[in-house]
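Survey of secondary and tertiary structure
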Amino acid sequence: MDILYTSSDSYAFLTGISILSLLKNNKSSKKINIYIMDNKISNENKKKLIQTVQAYERNISFVPMPDMTKLTGQMIDTRRWNISTFGRLYMASALPESVHTVLNIDCDTIIMDSLEPLWDVDLTGKVFGGMLECMNDRYRRNISMDKGEPYLNGGIVFMNCDEVRRHGYEEKFTKYIGCYGSSLAYLDQDVLNSVVPAEKKAVLPMRYDVLSLYYYANYEQVLKIRRSNNFYLREEFEDSVKNPGLVHFTTCFLDGLRPWIHGNKHPYREAFLALKEDSLWKNEPLWEDQQSKFIKFRNFLIRKAPKAPLFAVASILHGIIVPNRNLQRMRKSRGKTNAWKKS
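Quick look at the structure, then. (Residues numbered from 1 in each chain as written. Predicted model: local features only at pLDDT ≥ 70, side-chain atom pairs only at ≥ 80, totals over all residues. Heavy atoms only, no water.)

Description of the packing of aromatic side chains
How we decide: What counts as a ring pair is set by centres within 6.5 Å for rings of Phe, Tyr and Trp (its six-membered ring), and what kind of pair is set by the plane angle: stacked under 30 degrees, edge-to-face over 60, tilted for all other angles. Distance and angle both matter: a charge sits over a ring if NZ of Lys or CZ of Arg is within 6 Å of the ring centre and within 35 degrees of the ring normal.
Applying the stated criterion across every chain yields a total of 15 aromatic pairs. Members of the aromatic cluster, joined through ring pairs, are Tyr-11, Phe-13, Phe-249, Trp-260, Phe-272 and Trp-287. Across from the ring centre of Tyr-169, 4.3 Å away, lies the NZ or CZ of Lys-172, which sits over that ring. Between Arg-207 and the ring centre of Tyr-208, over which it is positioned, the NZ or CZ distance is 5.1 Å.

What follows is the structure, given as structure tokens:
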């Protein structure tokens, strides 16, 4: 298995904890090569990452993060996201040509089971595989996708490097970022979903990318909040939540915090903390909640609010107001939203 993480120094400890969970739950794999796309990771953290991997007799290599300013000829405003998130789009050129398929894993994850079944997925003729994001058609409209077209989450990306190299997809990614980079709602995730045609995507089993929202809302509530009718079936959703292969600690308005921040209530927080205690970052202090008093008070009200009206409001915000606001931002970017055409 070839695995890639993209990390900065501030998230290196999360990367190390995720890698530790991967190594613990994939001991039967014949070979695991771990690549770290390096966005200014300190020598101390690099040493810890190397020691973590070598303790399990696996391979680890560091590869450079692409210079997005040089690639696109502009400074990109990534708002609350880290610029390193674009790195996964350039895995094919960053990695040796001997790497044909690679699984990119976000650092805010813990792996709960073997990932080997993902390598049974046939990526012939596909550019990448991922898990369906519960997303409504307004978001697809914003990035020139067709209604109902699979919109895949970018947290876990199973990329066919040969297909990317063969058809020059990195150049297409760069062109798209040059047009809309500072206007994209979900950065690299939007790039992948807009640039890659539907027939070139593979939908992977949901259990390998279980997002935080799914632990705070049931199936019907998730569909309501997201105003989506293109998602996994209820049975797969419920089985994935009960038996996740990978837990993805995404931001969620129903909590407001994540497991490495004091006050988080995620059901897999204890599993995360147990891994942290077993890692070389066990003495790394948990982060303090740096949110403003207003945001803390808002989060308190959200946790106390009755679910029915809360989800109705969330549905309007996430399903209508936010994507419409994003559309206005796209229209103000270089060119119009119809300036990009898949080829």
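Once you've had a look at it, read on.
Some remarks on the side chain of Arg-258
Note the cut-off: Under the DSSP-based scheme used, a helix requires at least four consecutive residues in state H or I and a strand at least two consecutive residues in state E, with every element numbered from the N terminus. Buried residues are those whose accessible area, probed at 1.4 Å on protein chains only, stays under 20% of the maximum for their type, while exposed residues exceed 50% and partly exposed ones sit between those limits. Two N or O atoms count as a polar contact when they lie within 3.5 Å, although within protein this holds only if one can serve as hydrogen donor and the other as acceptor, and sequence-adjacent residues are included solely when both atoms are side-chain atoms. Contacts are assigned to residue pairs that have any heavy atoms within 4.5 Å of one another.
Along the chain, Arg-258 falls in the loop between β10 (246–248) and α12 (269–277). The buried category is assigned to Arg-258, whose relative accessible area is 17%. Within polar-contact distance, the side chain of Arg-258 engages the backbone oxygen of Phe-249 at 2.8 Å. When sequence neighbours within four positions are dropped, the list of residues in contact with Arg-258 reads Tyr-11, Asp-108, Phe-249, Thr-250, Thr-251 and Asn-264.

What to know about the sheet that holds β10
How we decide: Strand pairing is assigned whenever DSSP identifies at least 2 bridges connecting the two strands.
In space, the three strands of this open sheet follow the order β5-β10-β9, with mixed pairing throughout. With one partner strand each, in any of the chains shown, β5 (109–111) and β9 (210–211) form the two edges of the open sheet. Direction of pairing for β5 relative to β10: antiparallel, over a ladder of three bridges. Bridging from a neighbouring strand, Thr-109 pairs with His-248 of β10.

Regarding the nonpolar core
Convention followed: Think of a nonpolar core as a cluster: buried Ala, Val, Leu, Ile, Met, Phe, Trp, Tyr and Cys residues, connected wherever their side-chain atoms sit within 4.5 Å.
Membership of the largest hydrophobic core comes to 109 residues, with the highest contact counts inside it found for Ile-34, Tyr-214 and Phe-231. Per-element tally for this core: the top contributor is helix α1 (residues 12–24), with eight residues. If we ignore the near neighbours within four places in the chain, the residues touching Tyr-214 are Leu-132, Glu-133, Cys-134, Met-206, Asp-209, Val-222, Phe-231, Phe-237 and Val-241.

Some thoughts on a nonpolar patch on the surface
We apply this condition: Patches in this entry comprise residues that are over 30% relatively accessible and not in a salt bridge; like charges within 9 Å are linked, as are nonpolar side chains (Val, Leu, Ile, Met, Phe, Trp, Tyr) within 5 Å. Under the convention used here, a 1.4 Å probe and the Shrake-Rupley method define accessible areas, while residue burial counts only the protein chains that appear. Basic side-chain nitrogens of Lys or Arg form a salt bridge, by our definition, when they fall within 4 Å of a carboxyl oxygen of Asp or Glu.
Together, Val-313, Ile-316, Leu-317 and Ile-321 make up a nonpolar patch on the protein surface, roughly 330 Å² of accessible area in all. With respect to the secondary-structure elements, Val-313 resides in helix α14 (residues 307–332).

Details of the sheet that holds strand β6 (residues 128–130)
Basically, it comes down to this: What counts as an axis is a line fitted to C-alpha atoms, over the stretch in contact for a helix, and the angles between N-to-C directions run from 0 to 180 degrees.
One open sheet accounts for seven strands, arranged β3-β2-β1-β4-β7-β6-β8; its pairing is mixed. Either end of the sheet is taken by a strand with one partner, and the two such strands are β3 (59–64) and β8 (201–203). Here the average twist between neighbouring strands, direction ignored, is 25°. This element, α1, spans β1 (2–8), β2 (33–39) and β4 (101–105) of the sheet and lies at about 160° to β1. Strand contacts of helix α2 (residues 43–54): β2 and β3, with the helix running at about 150° to β3, the strand carrying the most contacts.

Digging into the pattern of salt bridges
Tallied over the full model, the rule gives 16 salt bridges. For Arg-207, the salt bridge identified is with Asp-113, shortest N-O distance 3.0 Å. One end of the pair, Arg-207, is in the loop between β8 and β9; the other, Asp-113, is in the loop between β5 and β6, with 94 residues separating them in the sequence. The exposure class of Arg-207 is buried, given its relative accessible area of 16%. In this structure Asp-113 comes out as partly exposed when scored by relative accessible area, which is 32%.

As far as function goes, none of this settles anything; it's purely spatial.
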